[in-house]
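Chain residues, written in single-letter form:
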Amino acid sequence: MPSKTFIVRAHARTIHTRPVTFICAKCHQATTRECYPGTPPKYCLNCAPKKKKASASRTPEKGMFKPTHHLVAHRTGEQIPVCLETSPDPGWFWVRTALDWFSGESIIQYHRQKGLYSRDKPLEDYSLEEIASETET
């Protein structure tokens, strides 16, 4: 039985297919297919309309999270791996943790001259430190 595994924030969820029997809307024949949960298909494989090819303008999916900096809390010394992503505002970057990377949401922004901000308030007890690349010796 085919399955798909999805990463959902803190855990992985595996969804399995199940056999579904339905009447094709075009040829009116009873058909059984392995389908994922959701709306059952309307057409058998012979009558199904051809899918459109993906256009080149489609935005690519995000790859794996690769931290480039550490968000350092000065009071505790905690170092949180983060990645900088360009913001629509010139000169600003979104500071993304691993969870923020896949959800696409972050409340922390960074500007090279102004520093770190969270919801338009400066984060004075935090700083960014670049992670040294592994190729450097």
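Residues numbered from 1 in each chain as written. Predicted model: local features only at pLDDT ≥ 70, side-chain atom pairs only at ≥ 80, totals over all residues. Heavy atoms only, no water.

Participant: Explain the side chain of His69 here, please?
Facilitator: Among the secondary structure elements, His69 is positioned in strand S5 (residues 69-73). Judged by relative accessible area, which is 15%, His69 ranks as buried. Side chain to side chain, His69 and Thr68 meet in a polar contact 2.8 Å long. Not counting chain neighbours up to four residues away, the residues in contact with His69 comprise Ile80, Pro81, Val82, Leu84, Leu128, Glu129, Glu130 and Ile131. (Helix = DSSP H or I, 4+ residues; strand = E, 2+ residues; numbered from the N terminus. Buried < 20%, exposed > 50% of the residue type's maximum accessible area, 1.4 Å probe, protein only. Polar contact = N/O pair within 3.5 Å; in protein donor to acceptor, adjacent residues only side chain to side chain. Contact = heavy atoms within 4.5 Å.)

Participant: Just to check I follow, could you spell out unusual backbone geometry for this structure?
Facilitator: Apart from glycine, the bulk of residues carry a negative phi angle, and the bulk of peptide bonds sit in the trans form. You will see that Arg119, though not glycine, has its phi angle at about 50°, which is positive. Non-glycine residue Asp120 carries a positive phi angle of around 65°. Structurally, Asp120 can be placed in the loop between strand S9 (115-118) and strand S10 (121-122).

Participant: In this structure, what is going on with the side chain of Ser87? I would like to understand it.
Facilitator: As for its position among the elements, Ser87 is in the loop between strand S6 (79-86) and strand S7 (92-96). Once residues lying within four places of it in the same chain are set aside, the contact partners of Ser87 are Trp92, Phe93, Trp94 and Gln109.

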